[in-house]
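# Summary of the model geometry
Spelled out from the first residue to the last, the chains are:
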Number of protein chains: 4
Amino acid sequence: MAGSSFGNIFKISTWGESHGKGIGVVVDGCPAGLNLCEEDIQKYLNRRKPGQSKYTTPRSEDDMVEILSGVFEGKTTGTPISMVVFNKTQRPSDYTQIANYYRPGHADYTFDEKYGFRDYRGGGRSSGRETIGRVAGGAVAALLLEELGIKVNAYTKSIGNVSIDYDRFDLAMRDSNPVSMPDEEAAKLAAELLDNKMADLDSVGGVIECVVTGMKSGIGEPVFEKLDANLAKAIMSIGAIKGIEVGAGFEVATKSGSNNNDSFTTDSEGNVIKRTNYAGGILGGISDGSDIVLRAAVKPTPSIFKEQKTINRSHEDIDIKIKGRHDPVIVPRAVVVVEAMTAITILDMLLLSMTSTVSKIKNFFKE
Amino acid sequence: MAGSSFGNIFKISTWGESHGKGIGVVVDGCPAGLNLCEEDIQKYLNRRKPGQSKYTTPRSEDDMVEILSGVFEGKTTGTPISMVVFNKTQRPSDYTQIANYYRPGHADYTFDEKYGFRDYRGGGRSSGRETIGRVAGGAVAALLLEELGIKVNAYTKSIGNVSIDYDRFDLAMRDSNPVSMPDEEAAKLAAELLDNKMADLDSVGGVIECVVTGMKSGIGEPVFEKLDANLAKAIMSIGAIKGIEVGAGFEVATKSGSNNNDSFTTDSEGNVIKRTNYAGGILGGISDGSDIVLRAAVKPTPSIFKEQKTINRSHEDIDIKIKGRHDPVIVPRAVVVVEAMTAITILDMLLLSMTSTVSKIKNFFKE
Amino acid sequence: MAGSSFGNIFKISTWGESHGKGIGVVVDGCPAGLNLCEEDIQKYLNRRKPGQSKYTTPRSEDDMVEILSGVFEGKTTGTPISMVVFNKTQRPSDYTQIANYYRPGHADYTFDEKYGFRDYRGGGRSSGRETIGRVAGGAVAALLLEELGIKVNAYTKSIGNVSIDYDRFDLAMRDSNPVSMPDEEAAKLAAELLDNKMADLDSVGGVIECVVTGMKSGIGEPVFEKLDANLAKAIMSIGAIKGIEVGAGFEVATKSGSNNNDSFTTDSEGNVIKRTNYAGGILGGISDGSDIVLRAAVKPTPSIFKEQKTINRSHEDIDIKIKGRHDPVIVPRAVVVVEAMTAITILDMLLLSMTSTVSKIKNFFKE
Amino acid sequence: MAGSSFGNIFKISTWGESHGKGIGVVVDGCPAGLNLCEEDIQKYLNRRKPGQSKYTTPRSEDDMVEILSGVFEGKTTGTPISMVVFNKTQRPSDYTQIANYYRPGHADYTFDEKYGFRDYRGGGRSSGRETIGRVAGGAVAALLLEELGIKVNAYTKSIGNVSIDYDRFDLAMRDSNPVSMPDEEAAKLAAELLDNKMADLDSVGGVIECVVTGMKSGIGEPVFEKLDANLAKAIMSIGAIKGIEVGAGFEVATKSGSNNNDSFTTDSEGNVIKRTNYAGGILGGISDGSDIVLRAAVKPTPSIFKEQKTINRSHEDIDIKIKGRHDPVIVPRAVVVVEAMTAITILDMLLLSMTSTVSKIKNFFKE
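Notes on the structure follow.

So, how was this worked out
- Residues numbered from 1 in each chain as written.
- Chains lettered and ligands numbered in written order.
- Predicted model: local features only at pLDDT ≥ 70, side-chain atom pairs only at ≥ 80, totals over all residues.
- Heavy atoms only, no water.
- Least-squares fit on C-alpha atoms with pLDDT ≥ 70 in both.
- Contact = heavy atoms within 4.5 Å.
- Pairing = 2+ DSSP bridges.
- Helix = DSSP H or I, 4+ residues; strand = E, 2+ residues; numbered from the N terminus.
- Axes fitted to C-alpha atoms, helices over the stretch in contact; angles between N-to-C directions.
- Buried area = accessible area lost by both parts, 1.4 Å probe.
- Salt bridge = Lys/Arg side-chain N within 4 Å of Asp/Glu carboxyl O.
- Polar contact = N/O pair within 3.5 Å; in protein donor to acceptor, adjacent residues only side chain to side chain.
- Nonpolar A, V, L, I, M, F, W, Y, C, P; charged D, E, K, R; others polar.
- Buried < 20%, exposed > 50% of the residue type's maximum accessible area, 1.4 Å probe, protein only.
- Parallel < 35°, antiparallel > 145°, perpendicular 65-115°, else oblique.
- Left-handed = near helix turned anticlockwise from the far one by under 90°.
- Expected span 1.5 Å × (residues − 1).
- Lys, Arg positive; Asp, Glu negative; His and termini not counted.
- Phe/Tyr/Trp six-rings, centres within 6.5 Å; stacked < 30°, edge-to-face > 60°.
- Lys NZ or Arg CZ within 6 Å of the ring centre and 35° of its normal.

Superposing chain D onto chain C takes a rotation of 180 degrees combined with a translation of 0.0 Å along the rotation axis, leaving an RMSD of 0.0 Å. Both copies are brought into coincidence by an operation consistent with a two-fold rotation axis. Looking at the rotation axis and the C-alpha trace of chain D, the residue lying nearest is K233(D), at 2.4 Å. A shared binding surface is used by both copies, with 100% of the interface residues of chain D retained as interface residues in chain C.

What follows is the structure, encoded as structure tokens:
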């Protein structure tokens, strides 16, 4: 069944495998008149490209994006925007080893169960390279959100047991360390942890946090197309994500109502605000105008160099040692993917919210 | 925008407000030939109905379901199944107090922001009574899944800091205590905690766990309609849920790859199994045949009797004391709602998975 | 598969069988703040109800609609509007004769092939009574369109070989004759034709025309969600419709470009108009601001009293004579159904068109 | 709003403009295991490519398709199949003339009204070249249908007043004349007509007929996702189509029930058949196993060389003479487009029909 599209009004459809001819996305439903060029997209893609530190795959990819349609004289036309990154590294020989067994923690077995066979080269469609399409689409969404004063920023909150300290929080630092942490000290500790994991031939997980500022209230469509419900789907659809929470998240389980309710008041300009934001900016599935705050749990890289037990395609027990180039942590490169999926979801639901009242519709269409 | 439908092939569309004429659901896409009667649905609804213990609202509702269409001679016909629970308690007078201010932790403010006004009676559409439609629809899904050997069971994992002990786990006990815990001892401790919270005029949150047994492999449609992505949306769309995780969930953030990867092997009958199930039954968004395991974080009941600060519709700061009948915990009555949404999602995606290979399709249509 | 919903932003989900407990619709996505009461809906339903002339079934139904949700203090709240017409005539005994054979021109055979069995009472879900849900939903759409100055009017264009004469066209006459023709003279000729058909134990077909005035330009989403494409689906989904055309329709097949192109000019107020409207108000799938004009071909009532050949459920050849109460023509009662489906489609696509440019979106959200 | 996707289970998403970098399609939801190579697609594309006769644009395009993803070792993998035809002719200079006025019968005006501006080069997205993506997607659908014994064939039924004679019908002849008629004599007459139209600087319309053989019964999902409803949308979404009819089509308007009903019987092998097929293979929106027969009305090419009246972007009346290369008839090259859209719709709905009964589902999933 068709599963490679996301969004309603603003929709992305992605395609491509790790070692096929390329990876791409069709962005459909982008409003006309947005200034857009390849550099705008490339900036986002550069944040997830390989080879940027010793913790990321040294694959020699430029990952240069090309816009094939939907932009005319520097502006979006309202028609589908097709973007592609052609693969440069296509070395199927590297991967014949994994064609015949099922790597633990990977989708090899489930793809074979579902489709009868699989493109085993570099994980095929289940490779992390699949997210290129998401990021390119997310870059377009983020640009449009910025026109409305809305910004989406994700960053690494923790790697293993190393967490950022909010007293040292500096978003500007996020892109200047290899672990995408907005806290230089924590970033150093995380790097040490990764060095140790690499020495152990092992890997580690972490948490990504994403904050949306400048939100409008009234976004989200009860009772199934709630804003948090769609964000949860968007984030959980990213490979390696095993949990998603909004606002206080799982902490609500041990909280009392009296210290979880956010009380309303107004700021000095008379705007309605909440004294706290345990709700993470969403009440009843609808944005309340506060910042949206969400977190995603990222599992450790399943490709580790330690010996592991598994079975081959004949279902015989075997021991394997995975070779090749694998990051010891997925988190840093997934940060921009979380940002992209959040931006797409927020934009799509913002556009869907425009028809909530008769008076706003009448006002829109009046001459 | 239309937001009250869920599912693709097997779809529910719910309607109704807390104090309107009734609450209902249209189940569309249910295959023909399923034995179905009102008692089948009622069993599920009884698990969420009010007035069952001192911890649940003593609202005098029978919540009796009526099937209006889609069943003929005791079997589903393949056409839409319309079900309704007519409301008996319609006392708007109880609620005029809340018409003029915004309760902390509720959707009063966001509904007003979105729609310009709201049906304030008992929370209107954002009331917990909205879930009646979900549960009735979920009952149909669960019945059909049982025909395929698949069972969905949810239960309370924790309330506040009281968690079940898996050494004492007994699912049969779940419905014999007021907190829906499959562990009698933990249930007693949780009851004590609730007594204390009620004495404090406060409330508490908790965690619901849901397990799907008898799963088929190959269910889930990468890369956006992954099984876990759709489960995340389904669960997060339930009011009061602030987090959702699958398998090891947020624990993966501090795990190493070597102790998070599940190694494959075979059982004595030659079936592929995993030695552990940290993945929660899903790899790459596709079911692997192991049990699906997910958990949802439920916030404390926002309606507490303690005095709280908020604003009225004129945006003036006020202090309020909420009156009426409110449970000190949402978890126990939400257990069957989590079960219902899980069942609907699993069924819908199972039906969607039937077209994954040419050979299965040819086999299906051959004479 | 779920097939009983129509629309994206403004969506109807219908349910119910001819001789079940009732027929209903859930209207989801209706903007908040529309004045709505049962009388508004009833006016539309009365135009399709039985027993209004000797050419329509004398079934003793009042077909009184009841609104169960989504309206508060006389206004829509933005939440789903559930409406029901409870069936009064439930006489399954009348229909046992048809349980065992397949009526020519009916869906008896195809329902059995698809679902394995069928609710044979009065045609079950494939009865014309199914359209009650469409008409109730269409009434809501039409009310909202009127707020925007858009009107949808359908009428009988022809019955058999009797067509209206546009020189005598008077829409006000449409509801004062039993054949829904806006031409009293043609209506008399059509009535004579029907008398003859009834005497022959036979039936006849016809054409319904529908005109939308006050249209906005820019409605329709290329390349698959074009306005005419969605209108075609909407109309063709009505039982007994075998063809749909827009503007000059099938006549374009024999026209030259020079007499089919509509040339643009401006009216005295400077508005862009077309000198002719062969396009029927749609160019490239997008409305051009002229009237939308479409026509639907309606087949003769398949239930005729003449003896017919068919097979029974054992696939044996038999001769049958259909009994009961059947209109000699479907057209007049289908007029309001065409109007309803057109209104729903126009409204839904009008709402979808609001996000076509960045500047309109920015303007919408600016403080 | 995103409008460039079609289909549910088997879905195409198209992109590209006449004079952009290329035209493409992503086919999502194609089952795994279908043998597929570029030649399979090219065969279909060759039927619509320009420059094949004096009646089609002598644009020097090869229109060679490239498959970028979704096929591995000669078989589809179940993941999205991205296909592209890179444009060779990109001569915007040819088209600056049309940037400033609205061609009658074209979408220039409506695109400007909707999007604020347009890519005017060769019609941009509203060019007939947009259909390349449809045809490439349709080729995949047709290949899969053939595996199930289902064939889709369209042909020119008439051009202007020249119709094929069914006594001379020979489908094998369709591709050997420039007008795609399965009747050599009619083809010659049509060619003469086209010569005359060209001499007159004018154009002409026609009718395309499409027949699906080898159909299964039970395909189509009442009451809105009926097979004929979706076919109507599919066909009407093609540019220049102004009408669509099924079976007897608009002729039903003047028929009697007694000569429009198809009576059921059985053939010598005991299969249920209909003595006639006025229904065009669809009853109640569900296929009955007979051939599907539909017809589409195609308008005359709006680009004619005669002088025409219109307005410029400043809304001033002007006279224009369109230059460049334009076919005098759209019909022949649209034949394969009708075939493609029909194949996609039939396949998608066939896949959707697999979940109609509990017994078939149980049978599918039993070990």
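That was the structure; now back to the text.
Residues and elements named next belong to chain C. Across the sheet, which stays open at both edges, the five strands sit in the order β1-β2-β3-β7-β4 with antiparallel pairing between neighbours. With partners counted over all chains shown, the strands left at the sheet margins are β1 (5–6) and β4 (65–67), one partner each. Contacts from helix α3 (residues 131–147) reach β2 (11–16), β3 (22–28) and β7 (81–86), with the element oriented near 35 degrees to β3.

With an RMSD of 0.0 Å, the fit of chain D onto chain A corresponds to turning through 180 degrees and sliding 0.0 Å along the axis. Residue by residue, 100% of the interface of chain D is reproduced at the interface of chain A, so both copies engage with the same surface.

For the rest of this paragraph, the subject is unusual backbone geometry. Residue and element names in this part refer to chain B. The peptide bond linking P222 to V223 adopts the cis configuration, its omega dihedral lying at 0 degrees. Within the secondary structure, V223 is located in the loop between β10 (206–213) and α5 (227–236). With phi around 60 degrees, L201 is a residue other than glycine that occupies positive phi space. Position of L201 among the secondary structure elements: in the loop between α4 (184–199) and β10.

Strand pairing within a sheet occurs via backbone hydrogen bonds; the two strands may be parallel or antiparallel. Across the sheet, 10 strands lie side by side as β9(A)-β8(A)-β10(A)-β16(A)-β11(A)-β11(B)-β16(B)-β10(B)-β8(B)-β9(B); this open sheet has antiparallel pairing. In this open sheet, the two edge strands, each paired with only one partner strand, are β9 (162–163) of chain A together with β9 (162–163) of chain B. Relative to β9(B), strand β8 (residues 151–159) of chain B runs antiparallel, the two sharing two bridges. If you follow I159(B) over to β9(B), its bridge partner there is V162(B). Across the sheet, helix α5 (residues 227–236) of chain A touches β11 (241–246) and β16 (292–298) of chain A together with β11 (241–246) of chain B, and the angle it forms with β11(A) is around 155 degrees. Its contacts with the sheet place α5(B) against β11 of chain A together with β11 and β16 (292–298) of chain B, and it is angled at close to 155 degrees to β11(B).

It is worth spelling out the interface of chain D and chain A at this point. Each partner contributes residues to the interface: chain D has 44 residues there, and chain A has 44 residues. Where chain D abuts chain A, roughly 3,400 Å² becomes buried across the two surfaces, and 65% of that area is made up of carbon and sulfur atoms. Broken down residue by residue, the surface that chain D buries against chain A is led by W15(D), F72(D) and F117(D), which jointly contribute 19%. Applying the counting criterion to the chain D and chain A interface returns two salt bridges. At the boundary of chain D with chain A, the tally comes to 12 residue pairs in polar contact (both at pLDDT 80 or more). Tallying contributions element by element places strand β2 (residues 11–16) of chain D first for the side of chain D that touches chain A, with five residues. Its residues assigned to classes, the side of chain D that touches chain A comprises 15 nonpolar, 17 polar and 12 charged.

Residue pairs spaced three or four apart in an α-helix point in one direction, given the helix's 3.6 residues per turn. In terms of residue burial, helix α2 (residues 108–115) of chain A counts as a mostly covered element, since seven of its eight residues are buried. For α2(A), the complete set of buried residues consists of D108(A), Y109(A), T110(A), F111(A), D112(A), K114(A) and Y115(A). Those residues of α2(A) that are buried lie in contact with β12 (264–266), β13 (272–274), β14 (282–283) and β15 (286–287) of chain B.

Attention now moves to the interface of chain D and chain C. Contacts between the two partners involve 108 residues from chain D, matched on the other side by 108 residues from chain C. With both chains or domains summed, chain D and chain C bury close to 8,200 Å², and 60% of this area falls on carbon and sulfur atoms. It is M1(D), K114(D) and F224(D) in chain D that bury the most area against chain C; as a group they hold 11% of the surface buried on that side. Along the contact surface separating chain D from chain C lie four salt bridges. Between K114(C) and E221(D) there is a salt bridge; the shortest N-O distance is 2.8 Å. Between the two partners, chain D and chain C, sit 53 residue pairs in polar contact (both at pLDDT 80 or more). Per-class residue counts for the side of chain D that touches chain C are 42 nonpolar, 41 polar and 25 charged.

Along the chain, G116(D) falls in the loop between α2 (108–115) and α3 (131–147). In this structure G116(D) touches T357(C), F111(D) and R313(D), once residues within four positions along its chain are discounted.

Right, let's get into the pairing of strand β7 (residues 81–86) of chain B. All names here are of chain B. Counted residue by residue, β7 has five buried out of six residues, so it is predominantly covered. Across six bridges, strand β3 (residues 22–28) lies against β7 in antiparallel orientation. Opposite V27, over in β7, you have I81 as the bridge partner. As paired elements, strand β4 (residues 65–67) and β7 share three bridges and run antiparallel to each other. Residue pairing in the sheet places V65 in a bridge with V85 of β7.

A few words now on the packing of α3(D) against helix α6 (residues 331–352) of chain D. Residues and elements named next belong to chain D. Their axes nearest at 7 Å, the elements α3 and α6 cross at an angle of 50 degrees. By the angle between their directions, the pair α3 and α6 is classed as oblique. Crossing of α3 against α6: the hand is left-handed. From α3, T131, R134, V135, G137, G138, A141, A142, L144 and L145 reach across to α6, where they touch V336, V337, A340, M341, A343, I344, I346 and L347. Looking at the contact of α3 with α6 residue by residue, the classes come out as 13 nonpolar, three polar and one charged.

A few words now on α6(D). In this model, α6(D) (22 residues) spans 31 Å end to end at C-alpha, consistent with the 32 Å of a helix rising 1.5 Å per residue. Of all 22 residues making up α6(D), 22 are buried, and the element is well covered by its neighbours.

Among the structural elements, E17(A) can be located in the loop between β2 (11–16) and β3 (22–28). This buried residue, E17(A), is left without a salt bridge; R121(A) holds the nearest opposite charge, at 5.1 Å. Among the polar contacts made by the side chain of E17(A), one reaches the side chain of T79(D) at a distance of 2.9 Å.

What follows is about the environment of L189(D). Residues and elements named next belong to chain D. Tracing the sequence through the fold places L189 in helix α4 (residues 184–199). Since its relative accessible area comes to 45%, L189 is described here as partly exposed. Sequence separation between L189 and S163 is 26 residues, and the spatial gap between their C-alpha atoms is 9.1 Å.

Further remarks concern the packing of aromatic side chains. A complete count under the given rule lists 40 aromatic pairs over all chains for this structure. Geometrically, the ring pair formed by F364(C) and F365(C) is edge-to-face, given 5.0 Å between the ring centres and 70 degrees between the ring planes. For F364(C), a relative accessible area of 19% translates into the label buried. For F365(C), a relative accessible area of 11% gives the class buried. An aromatic cluster of three or more residues is present, and its members are F364(A), F365(A), F364(C) and F365(C). The lysine or arginine in question, K255(A), covers the ring of Y278(A), its NZ or CZ lying 3.2 Å from the ring centre. For the cation-ring pair, K114(D) lies above Y115(D), with the distance from its terminal atom to the ring centre recorded as 5.8 Å.

So, about the packing of helix α1 (residues 38–46) of chain A against helix α3 (residues 131–147) of chain A. All names here are of chain A. Contact geometry for α1 and α3: axes closest at 9 Å, N-to-C directions at 125 degrees. With respect to each other, α1 and α3 are oriented oblique. For the pair α1 and α3, the sense of crossing is right-handed. On α3, the residues touching D40, I41, Y44 and L45 of α1 are I132, V135, A136, A139, V140, A142, L143 and E146. A breakdown of the residues in the contact of α1 with α3 according to their chemical character gives 10 nonpolar, no polar and two charged.

The next point concerns the pairing of β2(D). All names here are of chain D. With six of six residues buried, β2 is to be regarded as a mostly interior element. Taking every second residue as pointing to the same face, both faces of β2 are buried, with K11, S13 and W15 on one and I12, T14 and G16 on the other. Sheet analysis places strand β1 (residues 5–6) next to β2, joined by two bridges and oriented antiparallel. Bridge pairing in β2 links S5 to S13.

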